[in-house]
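Coordinates in review
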Amino acid sequence: MNEQRPARATAAHIDLAALANNLGVVRAALDRAGNRSAIIATVKADAYGHGAVRSAQTLVEAGADALGVALVDEGAELRTHGISGRIIQYGGAFSMRHDLVVQNRLEPFVFRREDLEALDTAARTAGTQVDVHVKVDTGMGRIGLLPEDVSAFFDALAGFSALRMVGLCSHFANADLKDGAMTQAQEDRLAAVAALARSRGFNPTVHLANSAAILLRPTAHLDAVRPGIMLYGVVPARHLAQHGADLRPVLSWTTEIIHVKQVGTGTPISYGSRWIAERPSVIATLPVGYADGYARNLFGHARVLVRGQRAPVVGTICMDMCMIDVTDISAAAVGDEVVLLGAQGSERIDAEQLAEWSGTISYEVLCRIGKRVPRR
Ligand SMILES: *Cc1c(COP(=O)(O)O)cnc(C)c1O
């Protein structure tokens, strides 16, 4: 057996075939709409917790035209592992290391004149050019130029000989909402800016759509799309389930029972004695806790799967462990596989379910699965 194998059974299993399938679902959505948009596969935040390098390799092999990261460091990690294709950097944060953008051949989103100057200097020092994507804030209120400032920015950009505008983009704030008025307004604002760019002789790839817009808004597909969550087999919001019917979940998260005990009525379990047995009970202990990303606020809501049945998490979730009530699951024993996220038998716990129990969204559930949980 592999000597690197950790002693603890807690692990996240990554189904790379499902990841490739989901890229195909993106392509099919574009095809159905008659759009030939390029696909920028978003692998920021360690590919939403799935492992950036293997995910990126799989997505490129499956036909992604480019990769998207948030941070310069994330792009550098992909380069270190031999990924040589286009990498677009969404996050806008590189104030101190413009040289790393150049060194790693990243294509950053730009929207501040100071960054243009620093990138131009870094590129000329290295004897090369930097391809940039001009980011416009059409309603997200996060990063980007306001539409009225774009014209002057284009003028500035034209003055930097080592910079080339290859992209023009924006990001939706509400693409998952049923009421699309705001989303339509954002689309219209970007279209106006794109027309201005063309009238100035620029010919950028225009891109806007995240997963929700890929599924819901063919008019927003434009020259390229930037799917994230749907690549990982999760729809951006529960009400989009039927739009993402062909998506396959990529990640499952399992652990095992390491201890089982019988306790009498009135026995308190875990910190704060917040759960007390109301009947003679069988309690099992799992080696997973909030330090692994199994959030403390799941207590009182969460279920796990044991022997194909649902068992409630009981007692405060600890840093490294938590307890479950297996009184109604006869024969539950040390060594049994326990599913925290994923399928077992005919039961399934999906990322949206875990998110609802934890008062958050599926994106956060996936990203917060901790570093010490090995990805297999
Ligand atoms: C994260 C991100 C995406 C992907 O969004 P999903 O909702 O996961 O599809 C696209 N564009 C930008 C700028 C992002 O930050």
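Residues numbered from 1 in each chain as written. Predicted model: local features only at pLDDT ≥ 70, side-chain atom pairs only at ≥ 80, totals over all residues. Heavy atoms only, no water.

1. Let's talk about the overall build of the chain
- Of regular secondary structure, the chain possesses 11 helices and 19 strands.
- Summarising its shape, the C-alpha atoms of the chain cover approximately 80 × 45 × 35 Å along the three principal directions.
- The buried share of the chain, reckoned over its 376 residues, is 52%.
- Across the chain, the fraction of contacts at a sequence separation of at least 24, relative to all contacts at a separation of at least 6, is 65%.
- When the accessible surface of the chain is split by element, carbon and sulfur atoms take 50% of a total near 16,600 Å².
- Of the charged side chains in the chain, 38 are positive and 39 negative, and the gap between their average positions amounts to 1 Å. (Helix = DSSP H or I, 4+ residues; strand = E, 2+ residues; numbered from the N terminus. Buried < 20%, exposed > 50% of the residue type's maximum accessible area, 1.4 Å probe, protein only. Contact = heavy atoms within 4.5 Å. Areas by Shrake-Rupley, 256 points an atom, 1.4 Å probe, with all protein chains shown as cover. Lys, Arg positive; Asp, Glu negative; His and termini not counted. Charge placed at Lys NZ, Arg CZ, Asp CG, Glu CD.)

2. What about the side chain of Thr-285?
- Tracing the sequence through the fold places Thr-285 in strand E14 (residues 281-286).
- If sequence neighbours within four positions are ignored, Thr-285 has contacts with Glu-256, Ile-257, Ile-258, His-259, Lys-261, Met-321, Cys-322 and Met-323.

3. Considering unusual backbone geometry
- A positive phi angle is found at Asp-46, which is not glycine, with a value near 55°.
- Here Asp-46 falls in the partly exposed class, since its relative accessible area comes to 30%.
- We note that Ser-270 has phi near 70°; this positive angle belongs to a residue other than glycine.

4. Regarding the pattern of salt bridges
- Taken as a whole and assessed by the stated rule, the structure comprises 20 salt bridges.
- Between Arg-112 and Asp-115 there is a salt bridge whose closest N-O contact spans 3.3 Å.
- For Arg-112, a relative accessible area of 36% gives the class partly exposed.
- What makes Asp-115 buried here is its relative accessible area of 3%.
- Through salt bridges that share partners, Arg-8, Asp-292, Asp-320 and Arg-372 make up one connected network. (Salt bridge = Lys/Arg side-chain N within 4 Å of Asp/Glu carboxyl O.)

5. A word on the site of the ligand
- Contacts to the ligand come from 13 residues, most closely from Lys-44, Tyr-48, Ser-211, Ile-229 and Tyr-363.
- A distance of 2.8 Å separates a nitrogen atom of the ligand from a polar side-chain atom of Arg-226.
- Take Ile-229: an N or O atom from its main chain is 2.8 Å from an oxygen atom of the ligand.
- Relative to its unbound accessible surface of 380 Å², the ligand loses 93% to contact with the protein.
- Here the ligand is seated within the largest pocket.
- Looking at side-chain class alone, the shell around the ligand contains five nonpolar, five polar and three charged residues. (Near = heavy atom within 4 Å. Polar contact = N/O pair within 3.5 Å; in protein donor to acceptor, adjacent residues only side chain to side chain. 1 Å grid on protein atoms, 1.4 Å probe; cavity = no way out; pocket = protein on both sides within 12 Å on 5 of 7 lines; lining within 4 Å. Sits in = over half its atoms within 2 Å of the grid points. Nonpolar A, V, L, I, M, F, W, Y, C, P; charged D, E, K, R; others polar.)

6. A look at the pairing of strand E5 (residues 106-110)
- Most of E5 sits inside the fold, with five of its five residues counted as buried.
- Neither face of E5 is exposed, since Leu-106, Pro-108 and Val-110 on one face and Glu-107 and Phe-109 on the opposite face are all buried.
- Taken together, the three bridges between strand E4 (residues 87-89) and E5 define a ladder with parallel strand orientation. Within E5, the position partnered with Ile-87 by the bridge is Leu-106.
- As defined by bridge partners, E5 adjoins strand E6 (residues 130-135) across two bridges and the pair is classed as parallel. Paired with Phe-109 across the two strands is His-133, which belongs to E6.
- In this region the chain leaves E5, passes through helix H6 (residues 113-125) and returns to the parallel neighbour E6; the handedness of that crossover is right-handed. (Pairing = 2+ DSSP bridges. Right-handed = clockwise from strand over helix to strand, strands pointing away.)

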